[in-house]
Amino acid sequence: MRDLFDMDRKDYNPNGKVYARPSVRAVIVRGDEVLLMYSQKYDYYKFPGGGIEPGESHTDTLVREVQEESGYLVKPETIEEFGRVLRRERGDRDPNGIFEQENFYYFCEAGEMPGEVNLDDYEAEEGFAPRFVKPFDAHVHNRRLRRFLQSGGEAQRPYYFEIVYREERVLDLLDLEIRSRQRKAKEKEAFREMGVDGIEEMLAFVEQTLTSGNSEDIETKQELNYSRFLHTKRVLAWTKRLYEAAEDKSILRKEDLYIAAVFHDVGRVAELKEGKPHALLGEPITRRYLTGLGMDSERIDYICSLVQHHSDKERMYDAETDAGLLLLMEADSLDDMGAAGIVMDCLITKGRNANADYTNCLDHISRFTCRQQQDNPMVSPAGIRFWEEKTKLVESFTDALRRDLEFD
């Protein structure tokens, strides 16, 4: 199980006797909320769970503790690892000993309705009650309480301070984990809608190819750890949007277009090694992969032509340009603009100057993204509309930021 973080107060004799008390905690997520136990007496949240008894498995303890505390019955077959938190401090009962608690957090599902609870004495005294809460809301709640408790000084901290702090940090990590899982779920649904067999395997191949070289050498945007693979996924998303917004879909080869978007930058590492344009070098890589799939040669030729010519942006204004190539070039141009362009400018500014402030960011946005947005290179009605939306956003943001920073 991965380590989430350690809570080591280092206030003990390192040669002291270790008193271990391993515990399990349940992470039961429903929608954008998680099941937590709320202490009505001390006003904090904790995950349901408790100590592992001798001879008990983690699964058995998880099922028992969650049912006793919350009334919900965990479904053992749904249990999966989230992470481990190690807590070490001087023992209360033996000042010369070390209290060590491994807290094992598990994702799991539970029945819809809770049954009877069986709280132990301290849980009943605190008035623990099950509640479904958004993880970040509970994180903020515990953080505020922790800061209040901390203000009383080390000697005045109550026994539950460490619980509040531990769960505060786990809730923060859980919120990020849930957001990541939701994004991945949306991606999978988008891939399913595209209708391209093996598209996730294609993306995995492209990711591996793009990370096989020294990315710092091939990126002009290394100040912000720019990822060509994430750029590839964003271009694929823009390709999907442009296709869905196209007025005449009959002239577009949807599946081939999506495949070309996946492979359009696959030659970036080869460009570093051979010094030739990445679009040109990406063509044989794409051809080898698609040939290995047994794809029809005519389809392969068409997809490879899109990959080979997607950087020839002057073709966007040639009336004879293939509609699919035009769409791919527009998708490639739309990425890293608008809101993404603003964020990129801020990251680059900070990457180049560790002491950069708001004004430095404003200057960079004004000099780069604002200027780039002013000339709309799009040709299709959908592309023009998307670009104009990005331009309005950049202008509005820049005006608002300037008002915040400068005197009228």
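Residues numbered from 1 in each chain as written. Predicted model: local features only at pLDDT ≥ 70, side-chain atom pairs only at ≥ 80, totals over all residues. Heavy atoms only, no water.

Quick word on the side chain of Thr239
Turning to step 1, where the next piece is worked out: For Thr239, the position within the fold is in helix α7 (residues 228-245).
Turning to step 2, where the next piece is worked out: At a separation of 2.8 Å, a polar atom in the side chain of Thr239 contacts the main-chain carbonyl oxygen of Val235.
Turning to step 3, where the next piece is worked out: Apart from residues no more than four positions distant in its own chain, Thr239 is found in contact with Leu257, Tyr258, Ala261, Leu327, Leu328 and Ala331. (Helix = DSSP H or I, 4+ residues; strand = E, 2+ residues; numbered from the N terminus. Polar contact = N/O pair within 3.5 Å; in protein donor to acceptor, adjacent residues only side chain to side chain. Contact = heavy atoms within 4.5 Å.)

Description of the nonpolar core
Turning to step 1, where the next piece is worked out: Within the largest apolar cluster, 47 residues are counted, with the highest numbers of intra-cluster contacts made by Leu236, Ile259, Val262, Phe263 and Leu290.
Turning to step 2, where the next piece is worked out: Leu4, Val34, Phe82 and Val85 belong to the second-largest nonpolar core, a separate cluster that totals 19 residues. (Core = buried A, V, L, I, M, F, W, Y, C linked by side-chain atoms within 4.5 Å. Buried < 20%, exposed > 50% of the residue type's maximum accessible area, 1.4 Å probe, protein only.)

Points about the pairing of strand β9 (residues 98-110)
Every other side chain in a regular strand lies on the same face of the sheet, so the side chains alternate between the two faces.
Turning to step 1, where the next piece is worked out: Summarising burial for β9: 10 of the 13 residues are buried, a large majority.
Turning to step 2, where the next piece is worked out: Strand direction decides the pairing type here: strand β3 (residues 23-27) and β9, joined by 5 bridges, are parallel. Counted as the bridge partner of Ser23 is Asn103 from β9.
Turning to step 3, where the next piece is worked out: With 12 bridges connecting them, strand β8 (residues 74-90) and β9 associate as antiparallel partners. Looking at the pairing, Arg88 lines up with Glu100 of β9. (Pairing = 2+ DSSP bridges.)

Comments concerning the packing of aromatic side chains
In this description, a pair of aromatic rings is defined by centroid distance and the angle of the planes.
Turning to step 1, where the next piece is worked out: Taken as a whole and assessed by the stated rule, the structure comprises 16 aromatic pairs.
Turning to step 2, where the next piece is worked out: Their ring planes at 5° and their centres at 5.4 Å tell us that Tyr44 and Tyr160 sit as a pair that is stacked. Linking Tyr44 in strand β6 (residues 44-46) with Tyr160 in the loop between α3 (135-150) and α4 (161-194), this pair joins segments that are 116 residues apart in sequence. Across the pair, exposure class does not vary: Tyr44 and Tyr160 are buried alike. (Phe/Tyr/Trp six-rings, centres within 6.5 Å; stacked < 30°, edge-to-face > 60°.)

Here we look at helix α8 (residues 254-263)
Turning to step 1, where the next piece is worked out: For α8, the buried fraction is high: 8 of the 10 residues fall into the buried class.
Turning to step 2, where the next piece is worked out: Residues Asp256, Leu257, Tyr258, Ile259, Ala260, Ala261, Val262 and Phe263 constitute the buried set of α8.
Turning to step 3, where the next piece is worked out: Next to the buried residues of α8 lie α4, α5 (199-210), α7, α10 (278-292), α11 (297-309) and α12 (323-334).

Some details on the pairing of strand β5 (residues 33-39)
Turning to step 1, where the next piece is worked out: Of all 7 residues making up β5, 6 are buried, and the element is well covered by its neighbours.
Turning to step 2, where the next piece is worked out: Once strand β4 (residues 29-30) ends, the chain turns through 2 residues before running back antiparallel as β5, passing Gly31 with a positive phi of about 65°.
Turning to step 3, where the next piece is worked out: Looking at chain direction, β5 and strand β10 (residues 128-133) are connected through 6 bridges and run antiparallel. Note on β10: the bridge partner recorded for Leu35 is Phe132.

Keep in mind that these numbers describe shape and distance, not what the molecule does.
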